[in-house]
Amino acid sequence: MEENKDTTIKVGIIGATGYAGAELVRILQRHPAAEVVWYGSRSYIEKEYASVYRNFFQVVENICKGDDLNELADRADVIFTATPQGFLSSVISEDILQKVKIVDLSADFRLKDVAVYEKWYGIEHKAPQFIEEAVYGLCEINREDIKGARLIANPGCYTTCSILTAYPLVKEGLIDADSLIIDAKSGTSGAGRGEKLSNLFCEVNENIKAYGVAGHRHTPEIEEQLGYAAERELVLNFTPHLVPMNRGILVTAYASLKGKDADPERVRAAYEKYYGKESFIRILPAGECPETKWVEGSNFVDIGFVIDERTNRIIMMGAIDNLVKGAAGQAVQNMNLLFGLPESTGLMMMPMFP
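Residues numbered from 1 in each chain as written. Predicted model: local features only at pLDDT ≥ 70, side-chain atom pairs only at ≥ 80, totals over all residues. Heavy atoms only, no water.

*Asks:* Just to check I follow, could you spell out the nonpolar core for this structure?
*Replies:* A general tendency of soluble globular proteins is for nonpolar side chains to be buried together. Among the nonpolar cores identified, the biggest contains 47 residues, and V11, I13, L28, Y49, F80, L105 and M335 are the most heavily contacted of them. Within the residue set of this core, elements represented by two or more residues are β1 (9-14), α1 (19-28), β2 (34-40), α2 (49-52), β3 (78-81), α7 (139-147) and α12 (324-338). Sorting elements by how many residues they give to this core places α12 first, with eight residues. Dropping the residues within four chain positions of it, Y49 is found in contact with A16, T17, G21, A22, V25, Y39, F56, V60, N62 and C64. By size, the runner-up hydrophobic cluster in this structure holds 42 residues, among which are Y158, Y275, I283 and M316. (Core = buried A, V, L, I, M, F, W, Y, C linked by side-chain atoms within 4.5 Å. Buried < 20%, exposed > 50% of the residue type's maximum accessible area, 1.4 Å probe, protein only. Helix = DSSP H or I, 4+ residues; strand = E, 2+ residues; numbered from the N terminus. Contact = heavy atoms within 4.5 Å.)

Here you go:
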C-alpha cells in the first residue's frame, strides 16, 4: 500500500483492557497518523476506558465496547486483536478481511501446521483456511511480505527475543543449530492481567521459577522460524522462567560453534549483516551484556554475545520489553509497514529508567 499522508488510520482494538491492549493504547496516543476508534473489552462494556486504567484519566475519554469484529470492520482500517488463543480464528471471515487489515497478537495464525497448533495449544483451530496467507510479523525478517498482507500473526514475546537473538548465526551457519539451548526469563506482565494464584504478589515476590519445562507452547514457534533460517527442521530446548518484575525478557541462548575457529569478528559481522541498519536492534559492544532495565518501555532489542573458547560454545543474549517489542510495539511496527509509513513512526520511545 502506498504511503497514506493525508488520511488518519482508524484503529480498532479488541482486548483493549489487557496489558498488551493497554500498551497499544499508550503507544497509539502519540502516533501521528493513527486514531483509536474502538476500545473493545468483553469485561468492561459501557464503562469508561480511563476507569480501568487511571493513567489515561483525562487523556482517553472513550467508552469500552464489545468484540463484534463484523461491526468494527466497517469502522476501522486496521484491527488489533489482543485476545486469548482461539478468539480470532473463531470469528474471522473472508468478508472481514476484504474490509480491514488485522494484526493478531494471539498465536492463532503463527504456526503453519494446524496439527502443531492444536497439539500445543489444546484447542481446535476454527479457521485453518487463513493460516497459509497469514504473515509472521517479525518485521526485521519478514518486512517485505508484511507490506502486502491482510492478516499479520504478531509474534510472541519469548519468541521475538529468542529468534532475533539467534537468527543471524543460524542463518549464516556459524553455530550448530541442533545444539541450541534457550533459557529465558520474563516479568509477570507476560502472564496477562487475569486473576491467577501463581501471579499473586506473595507467590511471585522473592522468587524465581522455571515453568513449562520441555513443553512451553512458544517452543514450536521458535523452532519453526529458526528452521526457516536453517532451511531444515529444528528441535531445540526452550525453558522460560518467571521473575519478580513487571516488564522485560532476558534470553540467554547457548550453542556450539561450527569449526574450531572461535572468531568474535565473524560473529559480529553476522549480526551487523542482518541488523546493522535496523532501527530497533542495538548490537552491544564486545563484552557488554544486555539488561532488561535498558530497554524497559521501548521497542528496542539489545543483543550481545560472549564466546567461550574453552568449550567452543557461544553465549547469545537478548533483552526486550515483553509488552512493547514483545507485543504492542511490534504490532504498531507491523501497522506502519501495512500502511506505508516509516517503520519507526510513533515508536521511538526512549527506555524508561529508573
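*Asks:* How do you make sense of helix α6 (residues 114-121) when you look at a structure like this?
*Replies:* Among the residues of α6, the N-terminal cap falls to D113, whose side-chain oxygen and the backbone nitrogen of A115 are separated by 2.9 Å. Downstream of α6 by one or two residues, G122 has phi in the positive range, about 70 degrees. (Polar contact = N/O pair within 3.5 Å; in protein donor to acceptor, adjacent residues only side chain to side chain.)

*Asks:* How do you make sense of the pairing of strand β7 (residues 181-186) when you look at a structure like this?
*Replies:* Where a strand is regular, its side chains alternate between the two sheet faces. Relative to strand β9 (residues 237-242), β7 runs parallel, the two sharing six bridges. Across the sheet, the residue bridging to I181 is N237, located in β9. Bridge analysis of β7 against strand β10 (residues 249-256) gives six bridges, and the strand direction is antiparallel. If you follow I181 over to β10, its bridge partner there is Y254. (Pairing = 2+ DSSP bridges.)

*Asks:* Please explain the pairing of β3 as it appears in this structure.
*Replies:* Side-chain alternation along β3 places V78 and F80 on one buried face and I79 and T81 on a second face that is also buried. Strand direction decides the pairing type here: β1 and β3, joined by four bridges, are parallel. Bridged to I14 within β3 is T81. Summarising the sheet, β3 and strand β4 (residues 101-104) pair through four bridges and their orientation is parallel. Paired with I79 across the strands is I102, a residue of β4.

*Asks:* Hey, could you run me through the sheet that holds strand β8 (residues 209-210) in this one?
*Replies:* By way of backbone hydrogen bonds, the strands of a sheet pair with one another, either parallel or antiparallel. What the seven strands build is an open sheet, ordered β8-β9-β7-β10-β13-β12-β11; its pairing is mixed. The strands lining the two open edges of the sheet, one partner per strand, are β8 and β11 (281-283). The strands touched by helix α8 (residues 157-171) are β7, β9, β10, β11, β12 (301-308) and β13 (313-320); relative to β13, the strand with the most contacts, the crossing angle is about 140 degrees. (Axes fitted to C-alpha atoms, helices over the stretch in contact; angles between N-to-C directions.)

*Asks:* Is there a simple way to explain the packing of α8 against helix α10 (residues 219-230) in this structure?
*Replies:* Between two packed helices, what matters for the description is the angle formed by their axes and the separation of those axes. Where α8 meets α10, the closest approach of the two axes is 9 Å, and the angle between their N-to-C directions is 20 degrees. In terms of orientation, α8 and α10 fall into the roughly parallel class. When the axes of α8 and α10 are compared, the crossing they make is right-handed. Residues T159, S162, I163, A166, Y167, V170 and K171 of α8 form the contact with α10, whose participating residues are E221, I222, Q225, L226, A229 and A230. Taken together, the residues that form the contact of α8 with α10 break down as eight nonpolar, three polar and two charged. (Parallel < 35°, antiparallel > 145°, perpendicular 65-115°, else oblique. Left-handed = near helix turned anticlockwise from the far one by under 90°. Nonpolar A, V, L, I, M, F, W, Y, C, P; charged D, E, K, R; others polar.)

*Asks:* Just to check I follow, could you spell out the confidence of the model for the protein for this structure?
*Replies:* Reading fine detail from the predicted coordinates is not recommended where pLDDT is low. Residues at a pLDDT of 70 or more form 98% of the protein, whose mean pLDDT is 96. Considering only residues more than four positions removed or in separate chains, one finds that residues 1-5, a stretch of pLDDT under 50, has 12 contacts. (pLDDT = per-residue confidence, 0-100.)

*Asks:* So what exactly am I meant to see when it comes to unusual backbone geometry here?
*Replies:* Trans is the prevailing form of peptide bonds, just as negative phi is the prevailing case for residues other than glycine. Each neighbour pair has its own omega, and for F353 with P354 the value is 0 degrees, a cis peptide bond. Take P354: it is sitting in the segment after α12. Here Q58, not a glycine, exhibits a phi torsion of approximately 60 degrees, which is positive. Even without a glycine there, the phi angle at N312 is positive, about 55 degrees. By the element assignment, N312 lies in the loop between β12 and β13. Overall, N312 belongs to the buried group, its relative accessible area being 19%.

*Asks:* Explain α8 to me, please; I cannot follow it from the model alone.
*Replies:* Side chains of residues three or four places apart in an α-helix project in the same direction, reflecting 3.6 residues per turn. The first and last C-alpha atoms of α8 sit 21 Å apart over 15 residues, in line with the 21 Å expected at 1.5 Å per residue. At T165, α8 shows its largest kink, close to 35 degrees, and the proline P168 lies no more than four residues downstream. Counting buried residues along α8, 14 of its 15 residues qualify, which places the element largely inside the surrounding structure. Within two residues after α8, G173 carries a phi angle of roughly 70 degrees, on the positive side. (Expected span 1.5 Å × (residues − 1). Bend = angle between axes of the 7 residues up to and from the residue.)

*Asks:* What exactly am I supposed to notice about the layout of surface pockets here?
*Replies:* Empty space left among the atoms is revealed by rolling a probe the size of a water molecule over them. Space inside the largest pocket adds up to approximately 1400 Å³. Surrounding the largest pocket, 49 residues form its lining, T83, G190, A191, G192 and R193 being those nearest its centre. Among the elements that line the lining of the largest pocket, the one with the most residues is α1, at three residues. By residue class, the composition of the lining of the largest pocket is 19 nonpolar, 23 polar and seven charged. (1 Å grid on protein atoms, 1.4 Å probe; cavity = no way out; pocket = protein on both sides within 12 Å on 5 of 7 lines; lining within 4 Å. Points joined across faces, edges and corners; volume = space filled by probe spheres on them.)

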